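Per-entry structural report
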Amino acid sequence: MKRRYFGQYCGLARALELVGERWGLLIIRDLTVRPQRYTDLFEGLPGIPTNVLSTRLKELEEAGIVERRIAPAPQRGVLYALTPAGHDLEPAVSALGRWGTTQLGEPRPGEIVTPSAVVMALRAAFDPHAAAGLTTSWEIHAGDIEVHAAVAEGQLTAGIGPAADKPDLVIDFQPDDLPSYLALMQAAKCGLVKLDGPRELLDTFIRVFGPSKATPADAPADRSPALDD
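Remember, it's a predicted structure, so these values are computed and weren't measured experimentally.

Definitions and limits used
Residues numbered from 1 in each chain as written. Predicted model: local features only at pLDDT ≥ 70, side-chain atom pairs only at ≥ 80, totals over all residues. Heavy atoms only, no water. Pairing = 2+ DSSP bridges. Helix = DSSP H or I, 4+ residues; strand = E, 2+ residues; numbered from the N terminus. Axes fitted to C-alpha atoms, helices over the stretch in contact; angles between N-to-C directions. Contact = heavy atoms within 4.5 Å. Patch = residues over 30% accessible without salt bridge, like charges linked within 9 Å, V, L, I, M, F, W, Y side chains within 5 Å. Areas by Shrake-Rupley, 256 points an atom, 1.4 Å probe, with all protein chains shown as cover. Salt bridge = Lys/Arg side-chain N within 4 Å of Asp/Glu carboxyl O. Buried < 20%, exposed > 50% of the residue type's maximum accessible area, 1.4 Å probe, protein only. Phe/Tyr/Trp six-rings, centres within 6.5 Å; stacked < 30°, edge-to-face > 60°. Parallel < 35°, antiparallel > 145°, perpendicular 65-115°, else oblique. Nonpolar A, V, L, I, M, F, W, Y, C, P; charged D, E, K, R; others polar. Core = buried A, V, L, I, M, F, W, Y, C linked by side-chain atoms within 4.5 Å.

Quick word on the sheet that holds strand β6 (residues 169–173)
Overall, mixed pairing links the five strands, which are arranged β5-β4-β3-β6-β7 in an open sheet. Two strands in the sheet have a free side with no partner beyond their single neighbour: β5 (155–160) and β7 (193–196). With strand direction ignored, the average angle separating the axes of adjacent strands in the sheet is 15°. Both strand β3 (residues 136–142) and strand β4 (residues 145–152) contribute to a ladder of seven bridges, which runs antiparallel. Looking at β4, one finds that Ser 137 is bridged to Ala 150. Its contacts with the sheet place helix α9 (residues 200–209) against β3, β4, β5, β6 and β7, and it is angled at close to 90° to β3.

Printed below as a string of structure tokens:
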């Protein structure tokens, strides 16, 4: 596949040339969560053709954004991981995800929610001011999704799967619909969860990971009056 070039000496244009192709940012999203095998990426991105995944990984490697690593024992094979330049994209990916959350509306037919998407939503929504001085951990179950989040002295770590140590609170969501981040937060606020641990940590979770206050897609824009009004 031929890479697009915009013919502009501009940082945004160059960034789009490197990561703006279809599926590119979703591959980066998933690798931001953790290094993954080719098969892990393929399974976590339903709908991506194998030739497109291979092409995108090759392009991202050539751009110095992704690198191959040997999987540590007892695993075998090759892992794809972000380079330092790739990790530098996380704030931009998180900011784009926060904005995109305000544009979601109702789920479209066939749309899914992946564990990587939930982890990135937690990272994007994390409020370091609300978490100042906080040390606690949560494990989140929602259908087939299992993720964890821990705050130590106000610093967040979040990932796929169970927490490494026993979490302070396990939150068990039983969603009737897609277990999207917004749906999970709404269920938490309404108390539609099962808890294993102190209930007050649910309130802490809501405070620390409350969704962005950005203007939703269906809200009217706040426009300043014209100068000649």
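Structural notes on a nonpolar patch on the surface
A grouping of Phe 6, Leu 12 and Leu 16 is seen on the molecular surface, where their side chains present a nonpolar patch of about 280 Å² in accessible area. Among the structural elements, Phe 6 can be located in the segment before α1 (11–19). Phe 6 gets classed as partly exposed once you look at its relative accessible area, which sits at 37%.

Let's talk about the side chain of Asp 30
Inspection of the secondary structure puts Asp 30 in helix α2 (residues 24–33). With near-sequence residues (within four places) excluded, Asp 30 lies in contact with Gln 36, Leu 41, Gly 44, Leu 45 and Ser 116.

A few points about the packing of aromatic side chains
To describe a pair of aromatic rings, one takes the distance between the centres and the angle between the planes. Counted according to the given criterion, the structure contains four aromatic pairs. Measuring from ring centre to ring centre gives 5.9 Å for Phe 126 and Phe 209, while their planes differ by 45°; the resulting arrangement is tilted. Highlighted residues: Phe 126 in the loop between α7 (115–125) and β3 and Phe 209 in helix α9, separated in sequence by 83 residues. Across the pair, Phe 209 and Phe 126 agree in class, each one buried. Each ring, one from Trp 138 and one from Phe 205, has its centre 5.7 Å from the other, and the planes form 65°; the classification is edge-to-face. Of this pair, Trp 138 sits in strand β3 while Phe 205 is found in helix α9, placing the two residues 67 residues apart along the sequence. When its relative accessible area of 0% is taken as the criterion, Trp 138 is described as buried. Site record: aromatic cluster; members linked through ring pairs are Phe 126, Trp 138, Phe 205 and Phe 209.

Comments concerning the environment of Tyr 80
Summarising the element assignment, Tyr 80 is placed in strand β2 (residues 78–82). The exposure class assigned to Tyr 80 is buried, which follows from its relative accessible area of 9%. Residues Tyr 80 and Arg 69 lie eleven residues apart in sequence; the distance between their C-alpha atoms is 6.3 Å. If sequence neighbours within four positions are ignored, Tyr 80 has contacts with Leu 31, Pro 35, Gln 36, Arg 37, Tyr 38, Leu 41, Leu 57, Glu 61, Val 66, Glu 67 and Arg 68.

Quick word on the packing of α2 against α7
Between two packed helices, the angle of one axis relative to the other and the distance separating the axes together describe the packing. α7 packs onto α2 with a crossing angle of 75° between their chain directions and a minimal axis gap of 9 Å. As the angle between them shows, α2 and α7 are arranged roughly perpendicular. Counting all contacts with α2, which are made through Arg 29, Asp 30, Thr 32 and Val 33, the residues of α7 involved are Ser 116, Ala 117, Val 119, Met 120 and Arg 123. Taken together, the residues that form the contact of α2 with α7 break down as four nonpolar, two polar and three charged.

Some remarks on the nonpolar core
One finds Ile 27, Leu 122, Trp 138, Ile 171, Phe 173, Phe 205 and Phe 209 to be the most contacted residues of the largest nonpolar core, which totals 50 residues. The residues touching Trp 138, leaving out its near neighbours within four places in the chain, are His 148, Ala 149, Val 151, Pro 167, Leu 169, Ile 171, Leu 201, Thr 204, Phe 205 and Phe 209.

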